[in-house]
Amino acid sequence: MSVDLSAPMRGALWMIGAMAFFSIMTVQVRYLSDTIPASEQAFFRGLVAIVVMLPWLLRGGLDSLKTRRLPLIGVRSAFIAVGVWTWFYAVAVMPLAEAVALHFTLPLFGIVLAMAFLGEKATMHRWIATAIGFSGMLVILRPGFIAIEFIALVVLFSALCYAVGSVITKALVRTEAPDLVVFYMNLYGVLFFAVPTYLEWVTPTFDDWMLLFLLGLCTVAAHVCYTRGLVTADAS
């Protein structure tokens with residue numbers, strides 16, 4: 001017996017899958033951060049993603065790589081690249097549970113941005129969810145009278161960059177194939193991180209190579225789920 005799920009439910013399931021892979025990635029990044037710089041991790045995760053996705057996309061020939069929206073994809077990739085670098089840096093220097101909790105403000109930023117720039121409905125339950133979410137964020141940031149640490153602001157900035165990237169992704173998948181958007185995001189990411197990787201180069205061990213490869217695979221899985229979620233339902 002088949003179950004006909006609503007678009008928001010299907011979108012939510014895709015997002016749950018994306019968050020599962022992002023969580024696995026976070027643990028891998030934390031482990032790698034003891035030896036491999038953040039820029040190098042980001043470079044190799046993008047490189048692995050390109051190698052994995054290119055044969056998949058080329059099944060339809062070179063025309064499968066054509067897009068008329070490369071500039072917008074470039075802007076989106078820039079925001080994601082900054083979000084990735086600041087996130088990898090934060091994961092390396094602050095408690096993992098606190099970093100993850102703060103980074104889950106990403107959907108809250110996304111709700112506000114989607115309402116402002118995509119014209120999605122500002123329904124009461126979305127505003128209530130946003131207010132509760134930001135209240136929780138403030139509890140994490142400042143449970144008493146302790147000054148907000150700089151690294152916490154770095155995590156919030158990362159979440160904001162990811163949220164901007166998500167809103168741009170929603171605009172892109174209205175006309176572009178989701179997998180193509182993911183491919184070009186990783187291609188731009190490799191270009192963005194090539195020079196920092198060269199300057200900060202650390203030769204990975206065998207175990208590091210394995211984790212970098214798995215990081216790339218999880219990147220593909222996470223972003224494919226994420227973009228399909230945005231195709232299925234509202235960004236907010």
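Look a little higher up for the structure.
Let me sum up the structure you'll find in this document. Note that this is a predicted model, so its numbers are computed, not measured.

1. Remarks on the overall build of the protein chain
A tally of helices and strands in the protein chain yields nine helices and zero strands. Starting at the N terminus and ending at the C terminus, the protein chain contains elements arranged as α-α-α-α-α-α-α-α-α. Expected size for 236 residues packed as a compact globule is a radius of gyration near 18 Å; at 18 Å, the protein chain falls within 12% of this value. Judged by the C-alpha coordinates and their principal axes, the protein chain covers about 50 × 45 × 40 Å.

2. Examining the pattern of salt bridges
Inspection of every chain in the model, using the stated rule, returns one salt bridge. In this structure, the salt-bridge partner of Arg228 is Asp179, at a minimum N-O distance of 2.7 Å. In this pair, Arg228 sits in helix α9 (residues 206-232) while Asp179 sits in helix α8 (residues 178-199), placing the two residues 49 residues apart along the sequence.

3. Regarding the side chain of Ser77
Position of Ser77 among the secondary structure elements: in helix α3 (residues 70-93). Residues in contact with Ser77, not counting those within four places in the same chain, are Tyr184, Met185, Tyr188 and Phe192.

4. A closer look at empty space enclosed by the protein
Applying the stated criterion to the full structure yields one cavity of 30 Å³ or more. Space inside the largest cavity adds up to approximately 90 Å³. In terms of lining, the largest cavity is formed by Ala42, Arg45, Gly46, Ser77, Ile80, Ala81, Val84, Met185, Asn186, Gly189 and Phe193. Elements that contribute at least two residues to the lining of the largest cavity include exactly α2 (38-57), α3 and α8. Of the residues in the lining of the largest cavity, the class split is six nonpolar, four polar and one charged.

5. As for the packing of aromatic side chains
All told, the structure shown has seven aromatic pairs when counted by the stated rule. Arranged with centres 6.1 Å apart and planes meeting at 80°, the rings of Phe22 and Tyr226 form a pair that is edge-to-face. With Phe22 in helix α1 (residues 7-32) and Tyr226 in helix α9, this pair connects stretches of sequence that are 204 residues apart. When its relative accessible area of 11% is taken as the criterion, Tyr226 is described as buried. Ring centres 5.1 Å apart and planes at 85° place the aromatic pair Phe44 and Trp209 in the edge-to-face group. With Phe44 in helix α2 and Trp209 in helix α9, this residue pair connects regions lying 165 residues apart in the sequence. The exposure class of Phe44 is buried, given its relative accessible area of 10%.

6. Concerning the packing of α8 against α9
Running from amino to carboxyl end, α8 crosses α9 at an angle of 135°, the nearest separation of the two axes being 9 Å. As the angle between them shows, α8 and α9 are arranged oblique. In the packing of α8 onto α9, the handedness of the crossing is right-handed. Contacts between α8 and α9 involve Pro178, Asp179, Val182, Met185 and Asn186 on the former and, on the latter, Thr219, His223, Val224, Thr227, Arg228 and Val231. Looking at the contact of α8 with α9, its residues break down into five nonpolar, four polar and two charged.

Criteria and cut-off values
- Residues numbered from 1 in each chain as written.
- Predicted model: local features only at pLDDT ≥ 70, side-chain atom pairs only at ≥ 80, totals over all residues.
- Heavy atoms only, no water.
- Helix = DSSP H or I, 4+ residues; strand = E, 2+ residues; numbered from the N terminus.
- Rg over C-alpha atoms; globule rule 2.2 N^0.38 Å.
- Salt bridge = Lys/Arg side-chain N within 4 Å of Asp/Glu carboxyl O.
- Contact = heavy atoms within 4.5 Å.
- 1 Å grid on protein atoms, 1.4 Å probe; cavity = no way out; pocket = protein on both sides within 12 Å on 5 of 7 lines; lining within 4 Å.
- Points joined across faces, edges and corners; volume = space filled by probe spheres on them.
- Nonpolar A, V, L, I, M, F, W, Y, C, P; charged D, E, K, R; others polar.
- Phe/Tyr/Trp six-rings, centres within 6.5 Å; stacked < 30°, edge-to-face > 60°.
- Buried < 20%, exposed > 50% of the residue type's maximum accessible area, 1.4 Å probe, protein only.
- Axes fitted to C-alpha atoms, helices over the stretch in contact; angles between N-to-C directions.
- Parallel < 35°, antiparallel > 145°, perpendicular 65-115°, else oblique.
- Left-handed = near helix turned anticlockwise from the far one by under 90°.

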